[in-house]
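Topology and contacts: notes
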Amino acid sequence: MINSKDVTKRKHNILQRLTAVVKAFSLREGFFIFKKNLNVDLMMNKVFLTDHEIRENLFPFTLTRSAADIRVGILTVREKWERYLGEKIHIREQGDEEQNAILLSANIIPSQQFIDSLFVTDEVADRPDWNAVKIIQFPWHIFLWNDWALRQDYTLITTGRTSEPIPAGTQVINGGDIFIEPGASLSCCILNAAAGPIYIGKNAEIMEGSVVRGPFALCEGAKLKMGTKIYGATTIGPYSIVGGEVKNSVIFGYTNKAHEGYLGDSVLGEWCNLGAGTSTSNLKNNAGELKIWNNTTKEFIASGMSKCGLLMGDYSRAAINTSFNTGTITGVCSNIFGEGLSPKFIPSFSWGTRGNIRYEFGKAMADIENWKKLKNATLTEQEKTRLKLIFEQN
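Residues numbered from 1 in each chain as written. Predicted model: local features only at pLDDT ≥ 70, side-chain atom pairs only at ≥ 80, totals over all residues. Heavy atoms only, no water.

**Some remarks on the sheet that holds strand β17 (residues 234-236)**
A sheet is described by the order of its strands in space; here 9 strands give the open sequence β8-β11-β14-β17-β20-β23-β28-β31-β33, paired in parallel fashion. Every interior strand has two partners, whereas the edge strands, β8 (178-180) and β33 (345-346), have only one. Bridge count between strand β28 (residues 310-312) and strand β31 (residues 328-330): 3 bridges; the pairing is parallel. By the bridge assignment for β31, Leu310 is matched with Thr328. (Pairing = 2+ DSSP bridges. Helix = DSSP H or I, 4+ residues; strand = E, 2+ residues; numbered from the N terminus.)

Pasting the structure below:
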């Protein structure tokens with residue numbers, strides 16, 4: 001971690017290394033980093049993350065959040081930058097013209113190695129170490145980069161700290177790579193960190209009979225139900241509840257996949273629910289390359305990979321025993337039910353998977369309110385406004 005006393009030096013290096021060396025790159029191709037008003041007091045600069053040129057490409061997760069608030073690994077992209085730089089990171093909204101700003105693209109996942117490279121004084125090192133970052137160019141990159149991000153975040157969060165003791169009755173392999181935060185509860189489970197670290201967040205719970213292989217993160221207040229089977233690299237976000245079998249997936253906060261069923265190579269947004277028995281296909285019968293919906297081009301594009309399950313936008317829910325097709329994308333606030341395999345693209349505010357029936361807006365908001373009450377939360381006016389805009393534009 002960078003000491004807070006290095007703020008001036010840090011900002012000087014960001015300005016000189018990131019903005020003077022790398023003026024601008026297309027977000028679709030990689031990085032988008034530029035400078036404003038270098039002839040100002042460096043202490044007056046704010047650091048902003050922007051996703052305006054990549055937002056549509058990261059559908060459905062950027063319908064309801066900045067790319068900076070996507071969770072990959074243990075932390076969101078914004079949280080990573082804040083920890084590495086030791087200061088608050090701002091989001092640049094459309095139309096903002098913030099003066100004296102350091103502007104970075106929100107789809108860059110930083111690492112300690114990348115931050116360290118900003119401080120290299122050797123003249124040969126004339127640019128930061130771009131090999132030490134990952135870029136989220138498509139929504140499936142969230143689970144593709146999750147293994148790498150979990151390891152980076154584990155080191156970032158746990159270095160110099162001491163884990164809570166592993167409870168009696170918990171079987172562990174490679175216990176030195178297991179970190180338990182205060183308030184976490186573990187009961188008669190198996191934790192295998194041989195292949196990667198395991199992080200258990202504050203007040204999280206692993207119920208008896210659960211089996212976990214790292215790398216894995218169970219974030220604050222999240223739960224694994226009895227007999228859950230987890231394969232790395234998997235992240236379960238804050239206050240989410242998970243059961244059944246999960247492999248190589250990222251589940252954002254406040255989402256439920258609480259029952260039997262398989263979820264593999266997938267990403268679930270916030271406030272989603274998968275009914276009992278729901279499963280995803282993550283591999284075609286011919287093991288061929290997948291084509292996945294791209295909202296920028298409005299067509300299915302080659303993904304370059306053979307495994308992808310479900311990419312589900314916020315507030316969407318699936319009925320019991322739903323069968324999701326390989327490489328399915330759903331928008332936000334869809335109520336998904338119907339016989340057979342799902343379509344591979346389900347638009348926002350869909351009602352069922354067949355035909356063109358829409359989820360009536362008032363009913364959708366009332367249903368979200370009901371789900372939020374289950375976790376002692378309420379639907380905010382800001383959320384309603386954003387969802388109304390999506391409904392009208394869809």
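**Some details on the sheet that holds strand β10 (residues 190-192)**
Across the sheet, which stays open at both edges, the 6 strands sit in the order β7-β10-β13-β16-β19-β22 with parallel pairing between neighbours. Looking at the sheet topology across the chains shown, the edges are occupied by β7 (171-173) and β22 (262-264). Strand-to-strand twist across the sheet, computed as the mean angle between neighbouring axes with direction ignored, equals 5 degrees. One ladder, built from 3 bridges, connects strand β16 (residues 229-231) with strand β19 (residues 245-247); its direction is parallel. In the sheet register, Ile230 faces β19, and the bridge partner there is Val246. (Axes fitted to C-alpha atoms, helices over the stretch in contact; angles between N-to-C directions.)

**What to know about the packing of aromatic side chains**
Summed over the entire model, instances satisfying the criterion amount to 15 aromatic pairs. Seen in terms of ring centroids, Phe61 and Phe252 are 5.5 Å apart; in terms of plane orientation they differ by 55 degrees. Their pairing is tilted. Note that Phe61 is positioned in the loop between β2 (46-50) and α2 (77-85) and Phe252 in the loop between β20 (250-251) and β21 (256-257), a separation of 191 residues in sequence. With 5.5 Å between their ring centres and 20 degrees between their planes, Tyr239 and Tyr254 make a pair best called stacked. (Phe/Tyr/Trp six-rings, centres within 6.5 Å; stacked < 30°, edge-to-face > 60°.)

**Digging into the nonpolar core**
Judged by nonpolar contacts, the single largest core of 72 residues is most densely connected at Trp81 and Phe349. Ignoring any residue separated from it by four or fewer positions in sequence, one finds Phe349 in contact with Val332, Cys333, Ser334, Ile357, Arg358, Tyr359, Phe361, Ala364, Met365, Leu387, Ile390 and Phe391. Formed by 30 residues, the second largest nonpolar core is a distinct cluster that contains Cys189, Leu191, Val212 and Leu263. (Core = buried A, V, L, I, M, F, W, Y, C linked by side-chain atoms within 4.5 Å. Buried < 20%, exposed > 50% of the residue type's maximum accessible area, 1.4 Å probe, protein only. Contact = heavy atoms within 4.5 Å.)

**Let's talk about the pairing of strand β26 (residues 291-294)**
Looking along a regular strand, one sees side chains alternate from face to face of the sheet. Relative to strand β27 (residues 299-302), β26 is paired through 4 bridges, and the arrangement is antiparallel. Bridging from a neighbouring strand, Trp293 pairs with Phe300 of β27. Where β26 hands over to β27, the hairpin turn is made up of 4 residues, of which Lys298 adopts a positive phi near 60 degrees.

**Some details on the environment of Gly338**
With respect to the helices, strands and loops of the structure, Gly338 is situated in the loop between β32 (335-336) and β33. Between the alpha carbons of Gly338 and Thr322 there is a distance of 7.3 Å; along the sequence they are 16 residues apart.

**Details of the side chain of Thr353**
Turning to its location among the elements, Thr353 is positioned in the loop between β33 and α6 (361-373). For Thr353, the contacting residues outside a window of four places in its chain are Ile336, Phe337, Gly338, Pro343 and Ile346.

**So, the pattern of salt bridges**
A full pass over the atoms with the stated rule returns 15 salt bridges. Note that Arg65 is salt-bridged to Glu270, the shortest N-O span being 3.8 Å. On the criterion of sequence distance, the pair formed by Arg65 in the loop between β2 and α2 and Glu270 in the loop between β23 (267-268) and β24 (273-274) is long-range, its members being 205 residues apart. Since its relative accessible area comes to 28%, Glu270 is described here as partly exposed. Where Glu369 meets Lys384, a salt bridge forms, and the shortest distance between an N and an O atom there is 3.9 Å. Of this pair, Glu369 sits in helix α6 while Lys384 sits in helix α7 (residues 381-393); the two residues are 15 residues apart in sequence, bridging distant segments of the chain. (Salt bridge = Lys/Arg side-chain N within 4 Å of Asp/Glu carboxyl O.)

**A word on helix α5 (residues 146-158)**
The α-helix advances 3.6 residues per turn, and as a result positions three or four apart in sequence lie on the same side. With 13 residues, α5 ought to run about 18 Å at 1.5 Å a step, and its terminal C-alpha atoms sit 18 Å apart, in line with that. Listed as buried for α5 are Asn146, Ala149, Leu150, Asp153, Tyr154, Leu156, Ile157 and Thr158. The arc enclosing the buried residues of α5, seen along the axis, measures out at 165 degrees, which places them on a common side. Positive backbone phi, approximately 80 degrees, marks Gly160, located one or two places after α5. (Expected span 1.5 Å × (residues − 1). Arc of directions from axis to C-beta.)

Don't take any of this as a statement about function, it's just geometry.
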